[in-house]
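One letter stands for each residue in the lines below.
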Amino acid sequence: MLDPSTFIVLITGATSGIGAATARRYVLAGARVVGTGRRTERLIALRDELGANFHPLEVDVRDRVALGAALDKLPESFRNINVVFANAGLALGLEPAHAASLDDWEEMVDTNIKGLLYTVRATLPGMVERGEGHVVFTGSVAGDYPYPGGNVYGATKAFVKQFALNLIADLAGTRVRVTNIEPGLVETEFSLVRFHGDSEKSGGIYANTQPLTAEDIAEQVFFVTSVPRHVNINRIQPFATCQSFSPFKITRG
Ligand code: NDP
Ligand code: 8X3
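Residues numbered from 1 in each chain as written. Chains lettered and ligands numbered in written order. Predicted model: local features only at pLDDT ≥ 70, side-chain atom pairs only at ≥ 80, totals over all residues.

The cut-off we apply is this: UniProt positions are given in the numbering used here, feature names are shortened, and annotations may be inferred rather than shown by experiment.
Taking an unreviewed UniProt entry as the reference, the protein is identified by name as NADP-dependent 3-hydroxy acid dehydrogenase YdfG belonging to Ancylobacter amanitiformis. On record in UniProt, under Sequence similarities (unreviewed entry), the comment for the protein is "Belongs to the short-chain dehydrogenases/reductases (SDR) family."

Structure representation (structure tokens):
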């Protein structure tokens, strides 16, 4: 397994959920982590908790200019990023397509697709030049399986899945690895965000279940990046044991 103290990790969406848990996992293992998000106070709290090996970077991934500038200004000891965890993302709404909000759709596309692309494009050349690196995405089961109301969210994650595979094709011979992690139900602030802050609705999603935790996913991110350099795990799809599939819905009459 690789020595985690050699990792300089960029995590987008480190202010909450999977990103925050992953930042903790890496720093506690001895890595240096640049953690991004829009909520500065949360980044500062993480810095207070994790110490100098965590570098907070307040930036909105939808702003490609600001993202590029912020990464260019990183202190020397955080500059040579060799693990990029492009994780920032969100679902907004669960309405059917004919009733969904176009603003919600645009924000998901801008964050989950374009923000992820900006993150990759800003960091990939350095990793290719240095001849090592790893790009990890937070995809989703929603990129594989349709469900009512998953319309644009699922489509953004299908984009991420295919982009990951195409990156693997482009990066052949560069020693830069790519993994798409595609979780099922994970209890984070995800549903609270999806339902625009309605905690009753979001609580209902996890009621009487044992969902995956953010720490479960963090462990898997850490694992896929720690395996020896000749191993590339293309995809991994962790489900909660309580989660499964439904039969096809057939409208009769
Ligand atoms: P959280 O809502 O807890 O975390 C989302 C993170 O994304 C926050 O840190 C948030 O930071 C960040 N983020 C959102 N929009 C932006 C933006 N425009 N710029 C910068 N950061 C942004 O949810 P999760 O931890 O669950 O979500 C992380 C990823 O996991 C997402 O891509 C999600 O789609 C995916 N996922 C989640 C699953 C689940 O069931 N929870 C299952 C499968 C995939 P801030 O608001 O401070 O900017
Ligand atoms: C999050 C999982 O099933 O809510 O990506 O879309 S789901």
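A few points about the pairing of strand E3 (residues 54–58)
Put simply, the rule reads: Neighbour density around each residue's C-beta defines its exposure: 20 or more other C-beta atoms within 10 Å make it buried, 12 or fewer make it exposed, and counts between make it partly exposed, where C-beta atoms are placed from the backbone. A helix here means a DSSP run of H or I that spans at least four residues, while a strand means a run of E at least two residues long, and both kinds are numbered starting from the N terminus. Two strands are counted as paired when DSSP detects at least two bridges linking them. Every crossover in which the path from the first strand over the helix to the second runs clockwise, viewed with the strands pointing away from the viewer, is termed right-handed.
Here E3 lies mainly inside the structure; 4 of its 5 residues are buried. Two strands pair when backbone bridges link them, and strand E2 (residues 32–37) and E3 are joined in this way by 5 bridges, in the parallel orientation. Bridge assignment links Gly35 to a residue of E3, and that residue is Pro56. Taken together, E2, helix H2 (residues 40–50) and E3 constitute a β-α-β crossover, and its handedness is right-handed.

Some points on the site of ligand 1
Worth spelling out the cut-off: All residues are tested the same way: a C-beta atom is placed from the backbone, and lying within 6 Å of a molecule or strand makes the residue near it. For this classification, Asp, Glu, Lys and Arg are treated as charged, while Ala, Val, Leu, Ile, Met, Phe, Trp, Tyr, Cys and Pro are nonpolar and the rest, including Gly, are polar.
Taken together, 31 residues sit near ligand 1, with Gly13, Gly17, Gly37, Arg38 and Gly89 positioned nearest. Those elements that provide at least two residues to the shell around ligand 1 are helix H1 (17–28), E2, helix H5 (102–130) and helix H7 (190–194). The biggest single contributor to the shell around ligand 1 is H1, with 3 residues. Here the residues of the shell around ligand 1 sort into 11 nonpolar, 15 polar and 5 charged.

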